[in-house]
Amino acid sequence: MDNGKTSVVVKQFDIISKLPDLWDHNRQYHHFLLKHLSCKYNAALDIGCGTGEFTRALSPFCKQVIGIDVSESMIGEAKKRNPGKNISYIHQDIESYLENSDKKYDIIASIATFHHLDQKNMLRKVEGRLKPGGLLLILDLYQNQRSMDYILSGLASVCNPFYYLFYRGTLFNTKAERAAWENHIRYDEYLSIKELKRMSKNIMNGAKLRRHLFWRYSLVYRKCK
């Protein structure tokens, strides 16, 4: 992403950071990601941590969790909303952070952030920062390309208002949310499931990639010991 585009997206995230932490399509899959954790780990890194919900969810499993985000406003909200004795929040872009640190992690997680990055390059970098036996957890969006993608997308559109009604008591998101996200998604660029599978296989052979209902995919990879 070029610097001008990055600046615009960061400003959009500053606006999004003021929205309340309510159920959405990303939070729907927090539990799915967390169920892959099975013991006490030393260090975890949450890339694009936002307001820190998933960072805090990781904290019971780890001695230390670092949440990093390019939006200073997001980091400010994370410190207020989701603090923890073993949690550190850093305002920095992930590329420069990794370039200036050689720290390795037992867990690296990222929710709805990878599509803003040079995904191939970033996958290589995070694979190199995983300790032997380390776990990578990614949840992100993908580009519809095949019949199954469109079938799931149609099903998600039908189910969406019912999930909103169950979790929020309303059929749709708020006007403020729609305004914030409609401006933001104009800059989103996604890869197809086919492209994601090819890329992950070349870099992380053994990674498990799975489509989910609400326009999301997950990638789970455990580095060989």
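The structure presented is a predicted model; accordingly, all values stated were derived computationally and were not measured.

What counts, and at which threshold
Residues numbered from 1 in each chain as written. Predicted model: local features only at pLDDT ≥ 70, side-chain atom pairs only at ≥ 80, totals over all residues. Heavy atoms only, no water. Salt bridge = Lys/Arg side-chain N within 4 Å of Asp/Glu carboxyl O. Helix = DSSP H or I, 4+ residues; strand = E, 2+ residues; numbered from the N terminus. Buried < 20%, exposed > 50% of the residue type's maximum accessible area, 1.4 Å probe, protein only. 1 Å grid on protein atoms, 1.4 Å probe; cavity = no way out; pocket = protein on both sides within 12 Å on 5 of 7 lines; lining within 4 Å. Points joined across faces, edges and corners; volume = space filled by probe spheres on them. Nonpolar A, V, L, I, M, F, W, Y, C, P; charged D, E, K, R; others polar. Pairing = 2+ DSSP bridges. Core = buried A, V, L, I, M, F, W, Y, C linked by side-chain atoms within 4.5 Å. Contact = heavy atoms within 4.5 Å. Right-handed = clockwise from strand over helix to strand, strands pointing away. Patch = residues over 30% accessible without salt bridge, like charges linked within 9 Å, V, L, I, M, F, W, Y side chains within 5 Å. Areas by Shrake-Rupley, 256 points an atom, 1.4 Å probe, with all protein chains shown as cover. Lys, Arg positive; Asp, Glu negative; His and termini not counted. Charge placed at Lys NZ, Arg CZ, Asp CG, Glu CD.

Caption draft 1: Representation of the pattern of salt bridges. Per the counting criterion, the structure on display carries 12 salt bridges. The salt bridge partner of Arg27 is Glu53, with a shortest N-O separation of 2.3 Å. Of this pair, Arg27 sits in the loop between helix H1 (3-16) and helix H2 (30-34) while Glu53 sits in helix H3 (residues 53-58), and the two are 26 residues apart along the sequence. You can call Arg27 partly exposed: its relative accessible area is 21%. Take Glu53: its relative accessible area is 26%, and that puts it in the partly exposed class.

Caption draft 2: Structural detail: the layout of surface pockets. Of the volumes computed, that of the second largest pocket is approximately 160 Å³. For the second largest pocket, the lining is made up of 12 residues, of which His115, His116, Leu117, Asp118 and Glu189 are closest to its centre. Considered class by class, the residues forming the lining of the second largest pocket number five nonpolar, three polar and four charged.

Caption draft 3: Geometry of unusual backbone geometry. Phi at Ala112 is positive, roughly 55 degrees, even though this residue is not glycine. Take Ala112: it is sitting in the loop between strand E4 (105-111) and helix H6 (119-129). The exposure class of Ala112 is buried, given its relative accessible area of 15%. The backbone of Trp215 shows a phi angle near 60 degrees, a positive value even though the residue is not glycine.

Caption draft 4: Expanded view of the pairing of strand E5 (residues 130-141). With 10 of 12 residues buried, E5 is to be regarded as a mostly interior element. In this sheet, strand E7 (residues 216-222) lies alongside E5 in antiparallel orientation, the contact comprising seven bridges. Bridge pairing links Leu141 to Arg216 in E7.

Caption draft 5: Molecular detail of the nonpolar core. In this structure, Leu45, Leu58, Ile94, Leu123, Val126 and Leu136 are the most contacted members of the largest nonpolar core, which totals 60 residues. If one sorts the elements of this core by residue count, E5 sits on top with seven residues. If near-sequence neighbours (up to four positions away) are discounted, Leu45 is found in contact with Ile66, Ile68, Ile94, Tyr97, Leu98, Tyr105, Ile107, Ile108 and Ala109. Counting six residues, the second largest nonpolar core, distinct from the first, contains Val9, Phe13, Met74 and Ala180.

Caption draft 6: Region of the structure containing the pairing of strand E1 (residues 41-47). Burial analysis of E1 places six of its seven residues in the buried class, which makes it a mostly covered element. Where E1 lies against strand E2 (residues 62-69), six bridges are found, and the strand directions are parallel. Note on E2: the bridge partner recorded for Asp46 is Gly67. In this region the chain leaves E1, passes through H3 and returns to the parallel neighbour E2; the handedness of that crossover is right-handed.

Caption draft 7: Quick look at a positive patch on the surface. Together, Arg146, Lys194, Lys197 and Arg198 make up a positively charged patch on the protein surface. Examined against the element boundaries, Lys197 turns out to sit in helix H9 (residues 193-203).

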